[in-house]
Every structure is written in structure tokens, then in C-alpha cells.
Amino acid sequence: MRALNPQAPLNEEKHRWFLDPKWLIIIAIVGFLLVFQVFPLVYLVFRAFFSTGTFSLEAFKRVYTYPLNWSALTNTVVAATFSMIFGVLIAFPLAWLVGRTNLYGKKFFRTLFVATYMVPPYVGAMAWMRLLNPTVGSMNMFLQKIFNLGSAPFDIYTMGGLIWVLTGFYYPYAFITISRAMEKMDPSLEEASRISGASPLTTLRTITLPMMLPSIVAAALLVFVAAGSCYGIPSIIGVPGQIHTVTTRIIDFVYIGSQEGLTDATTLAVFLMLIANVVLYLSTFSIGKKQYITVSGKSTRPNIVDLGRWRIPITALVIIFALVVVIIPFVTVALSSITVNLGESVFAEGNITWRYWERIFTRKSIINSARNSLVSAVMAATFGLLVSCMMAYLLVRTNIKGKKIPDFMITVGSGTPSVVIALSLIMSMSGKFGINIYNTLTIMVIAYMIKYMMMGMRTVVSALTQISPSLEEASQISGASWLRSMKNVTLPLIAPALVAGWFLIFMPCFYELTMSTLLYSTNTKTLGYELYTYQTYHNQQTASALATAILFTVFGINWLLNKLTDGEFSI
Amino acid sequence: MKKLFMVLCVLVIASTLVFAAGSAEKPKAADGGLSGKLVIYTSMYDDVIEAIDETLEKVFPTIDIEFFYGGTGTLQAKIAAEVAAGKLGCDMLMVADPSYALELKAMGVLQPIMINNAADLAFDYDKEGYWYPVRISNMVLAYNPGKFSKADIPNSFYDFAYDKRVEGMISMSNPLTSGTALDTISALKDKYGYEYFTALGQQKVKIESGSVALTKLETGECKVIMILEESVLQKREMDRSKIEVIYPTDGTIVVPSPIMSINDQWSPNKNSAAAKAVTEWFMSEEGQKNIVKAWMHSVSAKYPTPPYDAIPTKEILKNTIPVDWQATVTLREELRTKFQEAVAKK
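Along each chain, residues carry numbers from 1 onward, in the same order as the chain's sequence is written. Labels follow written order: the first chain is A, the first ligand is 1, and so on. In keeping with the predicted nature of the model, local features appear solely for residues at pLDDT of at least 70, side-chain atom pairs appear and are counted solely at 80 or more, and the whole-chain, interface and lining totals rest on all residues. No hydrogens and no water enter the side-chain calculation; it runs on all heavy atoms of the structure.

Before going further, it helps to spend a moment on the overall build of chain A. Counting its regular elements, chain A contains 23 helices and zero strands. Put simply, chain A has 571 residues, and 59% of those count as buried. Only the protein chains shown count as cover for residues, and the accessible areas themselves come from Shrake-Rupley with a 1.4 Å probe. Taken as a whole, chain A presents about 23,500 Å² of accessible surface, with 69% of it coming from carbon and sulfur. Segments assigned H or I by DSSP are reported as helices when at least four residues long, segments assigned E as strands when at least two residues long, and all are numbered from the N terminus. Exposure categories follow from relative accessible area, calculated using a 1.4 Å probe and restricted to protein chains: below 20% of the type maximum is buried, above 50% is exposed, and the middle band is partly exposed.

Have a look at this one:
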């Protein structure tokens, strides 16, 4: 149902404004965000500039003149920029092919490409390390054989390798954004162009592309910030090749443990935060409206472009792409989890074992970590969804002044790099200012909420937007209380969106790595951290088993969701 | 909607099973009056922790012993933060870096424990009882005879950094996180000067953990690695791997890793009775047997059996590169910083 004027306020109460529950809700949410998001970030900036008690750029000078840090800065910007460019170059054609043409297996490809979004990026790093390392990478060796090359064509431990993996894991962000926008775009302009005789390619170039430009820019900037704030991938394949990024340096500094180390980490974090905020501002400024990730509900039927004789070749290309970027890495990780000697083929004599799988289900620390991940992700998703619902109602159904403030804060929270959020929370919530939640699950849940709440909010907001307020009004006119109307009318209608929103927050929290690396304590280790530790210190096969298990869980939940909401849910 | 609710209910119930899995260990009968909880921070590898944990559960069924793993560097950062907050999270500490014991003793957080078989120790220990060596870790070289022959690769720490035949194909642990790696570069700097670090950088050494390095030996991605003897022994025994230890011709670096207890003022569980019992057990012949089973060398002269197929401890001690523990403490920052600078990509 399209609402003609979704901004129509539902009720204009003339009660005393400070007793108005909506105001109380806003104040509660803003209060929470002020204490746990704004204050820590401000303190972080303060600490960077006032580390010696008086305003000084001393810390900045020390940190940025250190060549290792300077190269980390340039590396981060270079890697993020190229990932952004390639990510969009890949995402746009794919989105167009899957959304607007008669490509074979569209639905399957769509799910596959979106699937990468649900997978921890560092799992990809693990896979590519095995595939493209310069001496014995399996893909390298395969290519060498086919093309009769003298040496391995690719080296994963280079900037190129880093960009490749970053692109492979962050292009889905662009794909999803562009896909959604494309779906919502009015196809009549394209139809008009086709009717006037333009070829599909010309239409694409002159109509689709310009119309999509704002969302393409938004998608590009999304990829940029995500790639720049990434920790897992650069730490697994960048650092062995001595390519440091700002995120790995920040965590290095925190691990050095000294006060000076912490200050240096803070200084670098401020840089990252500034870049992210500038980019976020640019993105909002350039597109005006925010991009939503919505529950699918097909509104208009776009004109399907017939690929004609290109149909099969293009499908083949897409299949190869899917194989290389999605399927092969996952299979590699899965195979590593049952291999004893990674130097031999998995099919060699006696090289298959289930020992590592047995291990991940019996080892105490892994079970504890899984439980922690589950608990904190569930809490973050549930509380996050509650806040999202309240915010959605405020944003869509009311005209309260100041409703944009918490919305803005939540958006900024999601654009802030994870490592900055974690660091700021550590520094301000360790008892210095009265609150001490360091080393507890609470601090992790809060960090997760700040980072991922926006996903839930956008989903619920867009669902609510699509429901006309007249339904609720009709219910109220018939005598039902506001609460009853909500329960009987609105809730059932937005239920799929609620489920979707819950899982959109749950999943990244479940396998989260960066923040958990900094915030974990004796009994609050999480799966993401466990995976990273096994991969880096203990045993790669166990890490691969854990990664595969996480993959199955994530895919399983997505499949379940699809069934539950009768196909209505899709990212 | 009903379907939705049903499935959600099932999911919620299923997820509570996860909680059930964790609460299955409650110690039963009283034994020697020991009880309560004991948290041990350690940098021993997870496989080793698991083996020792199982044994400890049988020996001390009434104490709830919990191991927390972290690289030495990580644990040091954690403890520094906890000291600043006023309370430590551990009752005992088993990290790999002996110089850390000196530092903690000076900070006043340790508890002296007098054991009755101190005379059997073949290595230095603190006469006041603040720390004892509990296991011996040896930093050596390793290679894969299935891929390369011993004659074609470096057999000494010096050649490891200077032999151009293995440029780009060597690996070692990170001194920022690994205590034994820190002690190693401290010893090598004493013997060969800071130029050694520069040489390592020019060799394009990969900085990664032992387990990753071992995998690279298996696949042939690395020709020779600097690693702890115990990691190789474990792989040889558990995976029947062909990887072999090279005891460097210019000397092995022997690291007697200490065991320490935190005093009641700082420890979370204030369980000094349990801490004393566990320490005594580790230092006893029984405890050392388990250490050796976990691929490390024993510290007791009374139990000289080496782990798996390693050469006897006495043989190793004939040729070592000594480590100046006190200097390692004072120069820790400098060593780490200079090392990082030297091996960073130019």
C-alpha cells in the first residue's frame, strides 16, 4: 500500500510535552547514545589532542612521522580507494544483469552474491592465502599448469592481493545498495527510451546510469569506509607481507600495552574516524535521501532486457565470476578443515580427518565462545530492534521536533570504524568516569548495538513507510486503543521486516571480529576472536572447521528466514 | 504468523541448549580440603592447555581450574591494564618469558611459594619462592626434509638471516606477542648486534605464528623457520609429520618458562592453598611427566627424559646462546621497536 502522505502525524496531543511518551523515548535513546557513543568518541579525540595535559599536536607528530604509521595510512587509503572503484565496477553490471535482464539463474546468483555479505571477511582472507600464495598456492599452481608459466602469476601478500580480497568481500555492500535502488527505480523512463528506439546499452548509458548515480556514489562510499575499517583481512594477508593498515597498527599499539601505546592508538583512530565521517557526510550530502535496505516487495515490474545472443556467454561469465570469487574460496576453507597435512592434496592417502570438527564441538573454550557470541548477538539484536522500532515509529508516524537527532547519531555510529568504537569504549568505560563495564559482556553488546543498529532501523523504517497510516487510523476510529492497533494491525504487517531487521543485526554481531579483539576478557571471548586466534596462533585446520561451521550456520539461518517469511525476506 | 511463532519458539528453545553444554563440570567430593576457583593465564598453545587441563581435573577434582590463553605480549598488556584498574584477573601465571617474572616480582604482585623439591631443579629459580621454571621451551630451526635437503638450507641462526638462498622463504614469530620470540631476538642482538635485525628485514622474513609457519613448511612455501622445538615435536607426534628440528650450530636459545602465583591482595579468587598445591604438582615428577608429554623439556634433574624424539636436555645445554633476562626487561620497548622497524616493508 502506497501511503500518499506518510508524514501525516497520527495524533497531535496537547498534553504537557514533557510527559509525552514519545519525548521520553527520544530522550532515553539520545541519552543512551550520548553516554555510550558520543562521549567516548569525544573523549577519544580529546585524548589525542590533550595527551600530555595541555593541547598539543605532539602525539600526532610522533605518530605520523613514524614511517611505519605513515605507510599504514597511505596503504589504508590506497586499498580502500581501489576496493571502492573495483567494487562498484563489479557491483553495477552484476546488479543490472540480475535485476534488469533475462540472465539465466538470476535468483540463484542474487542469493549467492548477497551471501558473501553474510560471511566474515577474514574467512575469505584465509581462503585466498591458501589459493594465491606465491610459492604453493593451489590456484597459482593450477594457472601455472594451464598456461605453462614459469612462476606463480599472483602473489597474495601484496597490495594487489589485499585489494583483491577486500573487493571480493565488500562489493556485496555496493551490490545490495545498487540492486535495491534499481528495483525501486521507476522503469518508465527506461521503457520510454527503449520505445524511442534506443538499444539496451544506450538506455543503460544515458538513462539508467545517470538516474542511479546518487546510489552508486553512496554504494561506493559505503565500500570505501568498510574496506578502510577492515581489520581481519589486512591482518591475515597484509601483515605477513609487511603491509600494515591503520586498523592493524591501532590494534598493535593497543597490544603494546603501555600508556604511550594507547595514546598512539588513539591518535591513529582519530584519523580513521575523521575520514569515515567526512565520507559519510559526503555520501549523505550527495544523495540527499538515505538508501534503505528493505524487505523485498515488488512494486513495479521493470522491463526485462533481453540479452539475446549474449545470454549464454554472459551467463557463463557470471558463473566463472561466482566460482572464482565465491565458491572456490568457501570450498577451499571447507576442505582445509578436514585435511591433516596441508602440504598434500586432501585426497592423498590418509589425509582426511574429522579430528578438527570433533575439536570445535568439544573444546571448552570454543563452546564458551560460541555461547558468548550467541548471547551477545541475541541481546544486541533484540535491544537494537527495540530501539529500531521506537525510532521507526518516531520517524515515520510523528512530527516530533528533534526526531532526526537520534537518527543521525545512529547513522554516524554505523559509519564509525569498529576499531574506533571499541577503543573509545575501552578508554572511557574502564571506571575512569564512574562506569566500569570493561571486561564484561555488556560492553560488547553496547559496541555491537552502536555499530549495527542502523541496519535494523532502516529495515523497519522502510517497512513502516510502506504501510498507510489509514489502517491504524481505521482501527483507532473503530475503538481500539493505540496499543491494540499496534498489536493487531501494524505489527502483523511489519512482522517480516522485524524478523529481517533482527537478523540483519544478529548476523554481523555473531561473527564479529574487530571489536571483540579489543573488548574480550577471560570469559567473554567470542567466536570471531576464537577463529582469528586459531588461524593465527594455534591451528589452521581447526580455524577452517570453525569458519565452515559459521558459514553453514549463517546460510542455514538465511534459508530458514526465506522459508519463514515465504520468500518475503531478502536482504 | 503462527508458523513464524512456532519456529521462533523452537529456535529459542534450541538456543538454550547451548547453555546446557557449558555447565556440566561440577567437582564432587572433597579432597584434601581444596576447593574454589583458580584462574591461570597462560601462553601455552591450546592443545597443550587441553591436555594439561584434563590431567589437572583428575588430580584436583575439587578445584575449578580455568585456563585463559593469550600470547605473552597480549597477556602483558592485559595485566598492565588490570594493574591500573586495581585487580588482576588471574590467580596464577604461566607465560613463556622469564624476564616477565622479574618484572612482576618487582611490582609486588607475586606470592612466594616454597616447594620442598627445589633442590632437584636443573635451572635457576627464585630463592625466595616467587617464581620457578616449570617448562623448558627451546627456540630452534625447522625444515621439511620431504621438500628440501638439510645441506641446502641454513643450519644456524646467523645463516638464517644472512644466507640469500632462503630469502623470502623464512618465517618467525612476532616478538610483540610472543615471549619466546622476544627472548630470542634479545639473545641474537647480544650475539650479533642490531645489524642482525636489519639482515632479517632484508631476508624478507615473514612474521607469523608457529602454527602458520609450520603449515608453510609442509606446503613448501617456506624453506626454513625459526620455531619452538615443542611445536615441531607436537606435529611429528600428532600428525606424523616429517618436519625435522635443526638444533642451530651457533647455539639453541633455551627459555625456562616460569610459573608464578599472584598474592591475595591482587588475585581475584584468593585461593593460595590451591595455587600452592597446583604449583607443587607442576614441579613434582608427576607434573614434569605431563610437561614432557606436552612436548616440552622437563626442569627436574630427577626426570631427564626428553619429550617425544628430541635430544636430551643435557645435549642441548652444551650449545646455547645465553639470554640476559634483566636486560630483556629493561630493553623490551627498544627491542620490539627496533625489530619492527627493521622488518617492515621498505
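Moving on from the model shown.
Frequently, the measure chosen for interface size is the accessible area removed from exposure when the parts meet. Listed as interface residues are 55 residues of chain B and, on the opposing side, 51 residues of chain A. With both sides pooled, the region where chain B packs onto chain A buries about 4,700 Å², and carbon together with sulfur makes up 55% of that total. Every case where a carboxyl oxygen of Asp or Glu lies within 4 Å of a side-chain nitrogen of Lys or Arg is listed as a salt bridge. The interface formed by chain B and chain A contains four salt bridges. Note that Arg 363 of chain A and Glu 50 of chain B form a salt bridge whose closest N and O atoms lie 2.3 Å from each other. A contact between two residues is defined here by any heavy atoms of the two lying within 4.5 Å. Summed over both partners, buried area is the accessible surface (1.4 Å probe) that two parts give up on being assembled.

In this section: the packing of aromatic side chains. Only the six-membered ring of Trp is used, alongside the rings of Phe and Tyr, when aromatic pairs are assigned; centres must lie within 6.5 Å, and planes under 30 degrees apart are stacked while those over 60 apart are edge-to-face, with the rest tilted. Scanning the entire structure with this criterion turns up 26 aromatic pairs over all chains. Plain terms: the ring middles of Phe 113 of chain A and Tyr 171 of chain A are 6.3 Å apart, the flat faces sit at 70° to each other, and that makes the pair edge-to-face. Here Tyr 171 of chain A lies in helix H7 (residues 159-184) and Phe 113 of chain A lies in helix H4 (residues 106-117), a separation of 58 residues in the sequence. The class of Phe 113 of chain A is buried, set by a relative accessible area of 0%. Three or more aromatic residues joined by ring pairs make a cluster, and in this case those are Phe 108, Phe 109, Phe 113, Tyr 171, Phe 175 and Phe 321 of chain A. In this scheme, the term charge over a ring applies when either NZ of a lysine or CZ of an arginine sits within 6 Å of the ring centre and within 35 degrees of the ring normal. Over the ring of Tyr 104 of chain A we find Arg 311 of chain A, and its NZ or CZ is 3.8 Å from the ring centre. In this structure, Lys 338 of chain B is placed above the aromatic ring of Tyr 194 of chain B, and the distance from its NZ or CZ to the ring centre is 5.0 Å.

Attention shifts here to the environment of Thr 362 of chain A. Residues and elements named next belong to chain A. Turning to its location among the elements, Thr 362 is positioned in helix H14 (residues 355-362). Residues Thr 362 and Leu 441, 79 residues apart in the sequence, show an inter-C-alpha distance of 23 Å. At 2.9 Å, the side chain of Thr 362 forms a polar contact with the backbone oxygen of Glu 358. Distance and chemistry together define a polar contact, namely a pair of N or O atoms within 3.5 Å, with one atom able to donate a hydrogen and the other to accept it when in protein, and with adjacent residues in sequence counting only for side-chain atoms on both sides.

Residue and element names in this part refer to chain A. Residue-level confidence of the predictor, termed pLDDT, takes values from 0 up to 100. Looking at chain A as a whole, the pLDDT averages 80, with 89% of positions reaching at least 70. The least confident element of chain A is helix H2 (residues 58-65), whose mean pLDDT is 75; the most confident is helix H3 (residues 67-100), at 89. Counting contacts from residues 10-15, a segment whose pLDDT is below 50, to residues more than four positions away or on other chains yields nine contacts. Segment residues 290-298: pLDDT under 50, and 34 contacts once partners within four positions in sequence are set aside and those in other chains are kept.

Moving on: empty space enclosed by the protein. Grid points spaced at 1 Å and placed over the protein atoms alone form the basis of the search, with a cavity being a set where a 1.4 Å probe fits but cannot get out and a pocket an open set showing protein on both sides within 12 Å along at least five of seven lines. Lining residues have an atom within 4 Å of a point. Grid points are joined across faces, edges and corners, and a volume is the space filled by probe spheres set on the points. Taken as a whole and assessed by the stated rule, the structure comprises seven cavities of 30 Å³ or more. Computed from the structure, the largest cavity encloses a volume of approximately 860 Å³. In terms of lining, the largest cavity is formed by 50 residues, of which the most central are Thr 536 and Tyr 537 of chain A together with Asn 174, Thr 177 and Ser 209 of chain B. Broken down by element, the lining of the largest cavity gets its largest block of residues, five residues, from helix H22 (residues 527-538) of chain A.

Residue and element names in this part refer to chain A. By the secondary structure assignment, Asn 75 is in helix H3. The exposure class assigned to Asn 75 is buried, which follows from its relative accessible area of 16%. Side-chain polar atoms of Asn 75 contact the backbone oxygen of His 244, separated by 2.9 Å. Look past the residues within four positions of Asn 75 in its chain and what remains in contact with it is Met 159, Ile 243 and His 244.

Our next topic: the packing of helix H19 (residues 469-477) of chain A against helix H20 (residues 482-510) of chain A. Residue and element names in this part refer to chain A. Axes here refer to lines fitted to C-alpha atoms; in helices the fit is confined to the stretch in contact. Angles between the N-to-C directions go from 0 to 180 degrees. Running from N to C, H19 and H20 point in directions that differ by 145°, and their axes come no closer than 9 Å. Viewed along their axes, H19 and H20 form a crossing whose handedness is right-handed. Contacts between H19 and H20 involve Leu 471, Glu 472, Ser 475 and Gln 476 from the first element and Trp 482, Ser 485, Met 486, Val 489, Thr 490 and Leu 493 from the second. By the convention adopted, Pro, Cys, Tyr, Trp, Phe, Met, Ile, Leu, Val and Ala count as nonpolar, Lys, Arg, Asp and Glu as charged, and the other residues, Gly among them, as polar. For the contact of H19 with H20, the per-class residue count stands at five nonpolar, four polar and one charged. Here a crossing is taken to be left-handed if its near helix is turned anticlockwise relative to the far helix by less than a right angle, and right-handed if that turn runs clockwise.

What is expected of a backbone is that most residues other than glycine have negative phi and most peptide bonds are trans. All names here are of chain B. If you check the backbone angles, Trp 295 has positive phi at about 70° while not being a glycine. Note that Trp 295 resides in the loop between helix H11 (285-293) and helix H12 (313-317). Overall, Trp 295 belongs to the buried group, its relative accessible area being 8%.

Residues and elements named next belong to chain B. Across all of its chains, the model carries 21 salt bridges over all chains by this definition. Note that Lys 105 is salt-bridged to Asp 126, the shortest N-O span being 2.7 Å. With Lys 105 in helix H4 (residues 98-107) and Asp 126 in the loop between H4 and strand E4 (131-143), this residue pair connects regions lying 21 residues apart in the sequence. Taking the relative accessible area as the measure of exposure, Asp 126 reaches 9% and is therefore buried. With its nearest N and O atoms 3.9 Å apart, the salt bridge here joins Glu 221 to Lys 216. Of the two residues examined, Glu 221 and Lys 216, each falls in the buried class.

Next up on the list: a nonpolar patch on the surface. Residues and elements named next belong to chain A. To count toward a patch, a residue needs a relative accessible area above 30% and no salt bridge. Like charges then connect within 9 Å, nonpolar side chains (Val, Leu, Ile, Met, Phe, Trp, Tyr) within 5 Å. Together, Val 78, Phe 82, Ile 85, Phe 86 and Leu 89 give the surface a local cluster of nonpolar side chains, amounting to about 420 Å² of exposed area. Position of Val 78 among the secondary structure elements: in helix H3. For Val 78, a relative accessible area of 33% puts it in the partly exposed group.

All names here are of chain B. Taken residue by residue, chain B gives an average pLDDT of 85. The fraction at 70 or more is 90%. When pLDDT is averaged over each helix and strand of chain B, the minimum, 57, is found for helix H1 (residues 2-22) and the maximum, 94, for strand E7 (residues 224-228). Scored below 50 in pLDDT, residues 17-31 shows 14 contacts in the model against residues more than four places distant or in partner chains. Scored as a complex, the prediction yields pTM 0.78 and ipTM 0.72.

Residue and element names in this part refer to chain A. For the pair helix H16 (residues 404-415) and helix H18 (residues 441-465), the least separation of the axes is 7 Å and the interaxial angle reads 120°. When the axis of H16 is compared with that of H18, the two are oblique. Here H16 runs over H18; the crossing is left-handed. Between H16 and H18, the contacting residues are Asp 407, Ile 410, Thr 411, Gly 413 and Ser 414 on the first element and Ile 450, Lys 451, Met 453, Met 454, Met 457 and Arg 458 on the second. Oblique is the label for any angle not under 35 degrees, not over 145, and not in the 65 to 115 range, which are roughly parallel, roughly antiparallel and roughly perpendicular in turn.

Among the ten residues of helix H8 (residues 210-219) of chain B, ten are classified as buried, and the element is accordingly described as predominantly covered. Gly 220 of chain B, located one to two residues past H8 of chain B, shows a positive phi value of around 90°.

Residues and elements named next belong to chain B. Along H11, the residues that are buried comprise Gly 287, Gln 288, Asn 290, Ile 291 and Val 292. Contact partners of the buried residues in H11: helix H2 (46-59), E4 and helix H10 (272-283). One or two steps after H11, the chain reaches Trp 295, where phi turns positive at roughly 70°.

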